[in-house]
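Tertiary structure, described
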Amino acid sequence: MLSENDGLRPVVAYFCMEVGLDPALPTYAGGLGMLAGDTLSSAADLGIPMVGVTLLHRKGYFRQHLDEKGAQAETAATWTPETLLEAVPEHVSVTIEGRPVRIRAWLYGLTGISGHTVPVYFLDTALPENTAWDRTLTDHLYGGDSHYRLCQEVILGLGGAAMLAAIGYRNVQVYHMNEGHSALLTLAVAMELSEGSSIGELSQVTMNAVRRRCVFTTHTPVPAGHDRFPASLVSQVLGEELTSALQSGRCFLDGILNMTYLAFSFSHYVNGVSMHHEEIAHSMFPNYPINSITNGVHAVNWTSPSFKEVFDRHIPEWRWDNLYLRYAVSIDLGDIREAHAHAKQALMNEVRERTGEVLDPEVLTIGFARRATAYKRADLLFSDLDRLTRIVSRAGPLQVLYGGKAHPNDDGGKRLIQSIFAAAAALRDKVKIVYLEEYDMSLAKYVCSGVDLWLNTPQKPFEASGTSGMKAALNGVPSLSVLDGWWIEGNVEGVTGWAIGDTWEAESDPARETSSLYDKLEQVIVPMFYQRPDEYSRVMRWAIAINGSYYNAQRMLLQYLNNAYVSTSGALWSPKYPHEYDHG
Ligand SMILES: *Cc1c(COP(=O)(O)O)cnc(C)c1O
């Protein structure tokens, strides 16, 4: 329970199905969870009163095992919340299929550079008073069928709001739904505003009052990516009153509850996660005003130790004001080269430790690591093995590091991993290719900072933003990427990196993209890397100065404050300046 005073302070409650905070907590699957963790970390740095709410995921996402052909097997990533998180004494209930399901919470305190702490609550139904099945509801991230998923979303949205109230948060000014999984929280806000009377028939007044409190960030540029539940399942799980509330709010379309529509209908501010994603989202949902706030990554979390040391020496302000990274223009190219060589060696040591594979630090090393799923097209680089072989023999050697898990039900993603293994076998002796198992937050830190070139080949327009190229940029690693997501904004050709294809407007054309990818490697990147290393180091420096200074979570969160939380931000936040920090 918070003290009365703390409970009355205005806060932003940030809800997300997955949150990645710490390598020891396997509570995330990929970019969405990393983004949530980086957002909460930046709130702690800036002293923004925010609390995070997510599910515990007791069995984790999963552990990945790859055989010699790249076939993926999975086991549970069981962990012990009891030893890593603090138990919260408050318990609450939600009603699922007419029966009460009890929920407890576990607390992770994120303390930022200003000394401010952002609490993150992990909801857990593994309580003896629940049925055996209900106890499993907070076990699996993105596991189970749509019935299981809807029950989880009841826990997250309705249970999360109830838990915050029970803990003592009396003044949640903004509910920020990071993706639609938590959209049922809008019903909890409606119930709170209705003070106990039925919400079966939502009035315009109530809906407007809910909207004033809610903010929604959508992350998915394809309709199939949005959670949808048939009306019969919704009424079975939620019961009559909440179902009719959803009906009166016109959240069903053709008998289907679409969580994205629900979140749209009850939010006063909605955004996509890049300039282009705003347009895509607008074409999918033409009746709603949509804004954009491009994603960013937590600069200090994602910068390698060697670059931290260089930044601390040249621009010590960068830690509390990431905009100072623009001054990286003043860093000696020699310092850039040396810091990168350290990060590259650290990566190669890690690879040797994990796999026994020895990579050559002199060779241009390409990195490609992210969730293995069809639209990311991890195998585009291997579309024409003869051409790739010719490039290597004419322009200079290459080695490639891969990583990424496929969702257990994603057969296309699993086949992609196997095709990388097949290409690695076919190119043996010509291009060294290593696929790293168990790509996660700790491995990402090595890979994004230690390679020389970050490759990204999404099929347009499926990459709403993408964030791993931003992690690379902070470490001076330029991207070679299809023009989609953040790279449309981040690419200055030949300055911060290189584009695959020459326009972002057109749909993906794999043949043209493949030839552009090979042309850039053969004619521009490989020759620059080997013959004009100073020029390559200059690109690295621009990647930091132009993209590192902007594509960080601090800039992103300040944009949320100014644009999305704006109606309340005056009361919500006053900046704390470095000289006020307690450095003791
Ligand atoms: C940053 C990160 C991602 C996101 O990758 P993108 O393809 O750039 O969206 C996924 N997984 C992990 C472990 C990450 O650290």
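All figures in this text were calculated on a predicted structure; none of them were measured in a lab. (Residues numbered from 1 in each chain as written. Predicted model: local features only at pLDDT ≥ 70, side-chain atom pairs only at ≥ 80, totals over all residues. Heavy atoms only, no water.)

Focus on unusual backbone geometry
Residue Pro461 is reached from Lys460 by a cis peptide bond, and omega for that bond is -5°. Mapping Pro461 onto the fold places it in the loop between strand S18 (453–456) and helix H18 (468–474). For Arg250, which is not a glycine, the phi torsion comes out positive at approximately 55°. Structurally, Arg250 is set in the loop between helix H9 (240–248) and strand S11 (252–253). Phi is positive for Arg377, which is not a glycine, with a value near 50°. Checked against the element boundaries, Arg377 lands in the loop between strand S15 (364–369) and helix H15 (385–395). (Helix = DSSP H or I, 4+ residues; strand = E, 2+ residues; numbered from the N terminus.)

As for the packing of aromatic side chains
Per the stated rule, a full pass over the model turns up 24 aromatic pairs. Here the aromatic rings of Phe216 and Phe264 are separated by 5.6 Å at their centres, their planes lie at 80°, and the arrangement is edge-to-face. Of this pair, Phe216 sits in strand S9 (residues 214–217) while Phe264 sits in helix H10 (residues 259–265); the two residues are 48 residues apart in sequence, bridging distant segments of the chain. Assessed through its relative accessible area of 0%, Phe216 is described here as buried. Following the ring pairs from residue to residue traces out a cluster consisting of Phe216, Tyr261, Phe264, Phe285 and Tyr288. Here the basic side chain of Arg555 rests over the ring of Tyr550, its NZ or CZ set 4.2 Å away from the ring centre. (Phe/Tyr/Trp six-rings, centres within 6.5 Å; stacked < 30°, edge-to-face > 60°. Buried < 20%, exposed > 50% of the residue type's maximum accessible area, 1.4 Å probe, protein only. Lys NZ or Arg CZ within 6 Å of the ring centre and 35° of its normal.)

Re the sheet that holds strand S16 (residues 398–403)
In spatial order, the strands read S17-S16-S15-S18-S19-S20; together these six strands make up an open sheet with parallel pairing. The open sheet has two edge strands, strand S17 (432–436) and strand S20 (497–500), and neither has a second partner. Strand-to-strand twist across the sheet, computed as the mean angle between neighbouring axes with direction ignored, equals 20°. Of the strand pairs in this sheet, S18 and strand S19 (residues 479–482) are connected by three bridges, and their pairing is parallel. Residue pairing in the sheet places Asn456 in a bridge with Ser481 of S19. (Pairing = 2+ DSSP bridges. Axes fitted to C-alpha atoms, helices over the stretch in contact; angles between N-to-C directions.)

Quick word on the pattern of salt bridges
A pair can form between side chains of opposite charge whenever their charged atoms are brought close. A complete count under the given rule lists 26 salt bridges for this structure. When the shortest N-O distance is used, the salt bridge between Arg63 and Glu438 registers 3.3 Å. Highlighted residues: Arg63 in strand S3 (residues 63–66) and Glu438 in the loop between S17 and helix H17 (441–450), separated in sequence by 375 residues. Using a relative accessible area of 18% as the deciding quantity, one classes Glu438 as buried. As a salt-bridge pair, Glu535 and Arg532 come within 2.7 Å of each other at their nearest N and O atoms. Relative accessible area serves as the criterion here: at 31%, Glu535 is assigned to the partly exposed category. By sharing partners, the salt bridges in this structure join Arg387, Arg394, Asp519 and Glu522 into a single network. (Salt bridge = Lys/Arg side-chain N within 4 Å of Asp/Glu carboxyl O.)

What about the side chain of Arg387?
One can find Arg387 in helix H15. Once residues lying within four places of it in the same chain are set aside, the contact partners of Arg387 are Ser515, Tyr518, Asp519 and Glu522. (Contact = heavy atoms within 4.5 Å.)

So, helix H6 (residues 185–193)
Turning to H6, its buried residues are Leu185, Thr186, Leu187, Ala188, Val189 and Ala190. At the C-terminal side of H6, Glu195 shows a positive phi close to 45°.

Some points on the pairing of S18
Alternating residues of S18 divide into Leu453 and Leu455 and Trp454 and Asn456, and every residue in both groups is buried. Read from S18 through H18 to S19, the crossover connection turns out right-handed. (Right-handed = clockwise from strand over helix to strand, strands pointing away.)

Some details on the domain arrangement of the protein chain
Domain boundaries in the protein chain define domain 1 (7–292) and domain 2 (299–548). The C-alpha centroid of domain 2 is placed 32 Å from the C-alpha centroid of domain 1. Across the boundary between the two partners, domain 1 contributes 35 residues, which contact 34 residues of domain 2. Among the residues of domain 1 in contact with domain 2, Gln64, Leu66 and His276 are the three that bury the most area, contributing 19% of the side total. (Domains from an automatic or database assignment. Buried area = accessible area lost by both parts, 1.4 Å probe.)

Comments concerning the site of the ligand
Around the ligand, a shell composed of 14 residues is seen, among which Arg370, Lys376, Thr467, Ser468 and Lys471 lie nearest. Contact between the ligand and Arg370: an oxygen atom at 2.8 Å from a side-chain N or O atom of the residue. Within the complex, the protein chains bury 95% of what would otherwise be the 390 Å² of accessible surface of the ligand. Those elements giving two or more residues to the shell around the ligand turn out to be helix H2 (31–46), H17 and H18. Both of domain 1 (7–292) and domain 2 (299–548) provide at least three residues apiece to the shell around the ligand. (Near = heavy atom within 4 Å. Polar contact = N/O pair within 3.5 Å; in protein donor to acceptor, adjacent residues only side chain to side chain. Areas by Shrake-Rupley, 256 points an atom, 1.4 Å probe, with all protein chains shown as cover.)

Some words on the side chain of Asn178
Among the secondary structure elements, Asn178 is positioned in strand S8 (residues 172–178). We classify Asn178 as buried; its relative accessible area is 2%.

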